[in-house]
Amino acid sequence: MRTFTDIVCIELTGHQGYGAEVECEVEFTRSPVVPARTSGPPEDCYPAEGGETEIVSVRPFETRLIVFGFEAELKRKYLECPKWLADLLIECIDPNELECGEDNE
């Protein structure tokens, strides 16, 4: 299993058309994919396996713009996240949509 992180944006819908977005850093594990073997004797063939994703943690954050004279930098400020909120946010995330490319290692 390898551990990755990805950033997701969860949209919240409220009453009378009001809503908000919560950005979260998601830490997850994904097992390696073993490709299928589809040719050869039947006893040597098998389907593809692996690639299962498990979300380990979620950390909501807000992005702040910090200005230093003529330079600016975006910084993340992580928000408090009680277990009940983390569980709710995790339910809103599709594990199959999480990216684990080279940039996210």
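Please read all numbers here as calculations on a predicted model, not as lab measurements. (Residues numbered from 1 in each chain as written. Predicted model: local features only at pLDDT ≥ 70, side-chain atom pairs only at ≥ 80, totals over all residues. Heavy atoms only, no water.)

Student: Outline the overall build of the protein, supporting the account with residue identities and numerical values.
Tutor: Scanning the protein from terminus to terminus reveals one helix and four strands. Listing every helix and strand of the protein by position from the N terminus yields β-β-β-β-α. Radius of gyration (C-alpha) of the protein: 19 Å, far over the 13 Å computed for a compact globule of 105 residues. On the principal axes, the C-alpha backbone points of the protein span a range of 65 × 40 × 25 Å. (Helix = DSSP H or I, 4+ residues; strand = E, 2+ residues; numbered from the N terminus. Rg over C-alpha atoms; globule rule 2.2 N^0.38 Å.)

Student: Lay out the nonpolar core with the relevant residues and their values.
Tutor: In this structure, Phe4, Val8, Ile10, Cys24, Val26, Phe28, Ile55, Val58, Ala86, Leu89, Ile93 and Leu98 together form the largest nonpolar core, which totals twelve residues. Within the residue set of this core, elements represented by two or more residues are β1 (2-13), β2 (19-30), β3 (53-68) and α1 (83-91). (Core = buried A, V, L, I, M, F, W, Y, C linked by side-chain atoms within 4.5 Å. Buried < 20%, exposed > 50% of the residue type's maximum accessible area, 1.4 Å probe, protein only.)

Student: Account for the pairing of strand β4 (residues 71-78), with residues named and values stated.
Tutor: Alignment of β3 against β4, held across eight bridges, turns out to be antiparallel. Considered in β4, the bridge of Phe68 is made with Glu71. Here β3 folds back onto β4 in antiparallel fashion, the turn holding two residues, of which Gly69 has a positive phi close to 60 degrees. (Pairing = 2+ DSSP bridges.)

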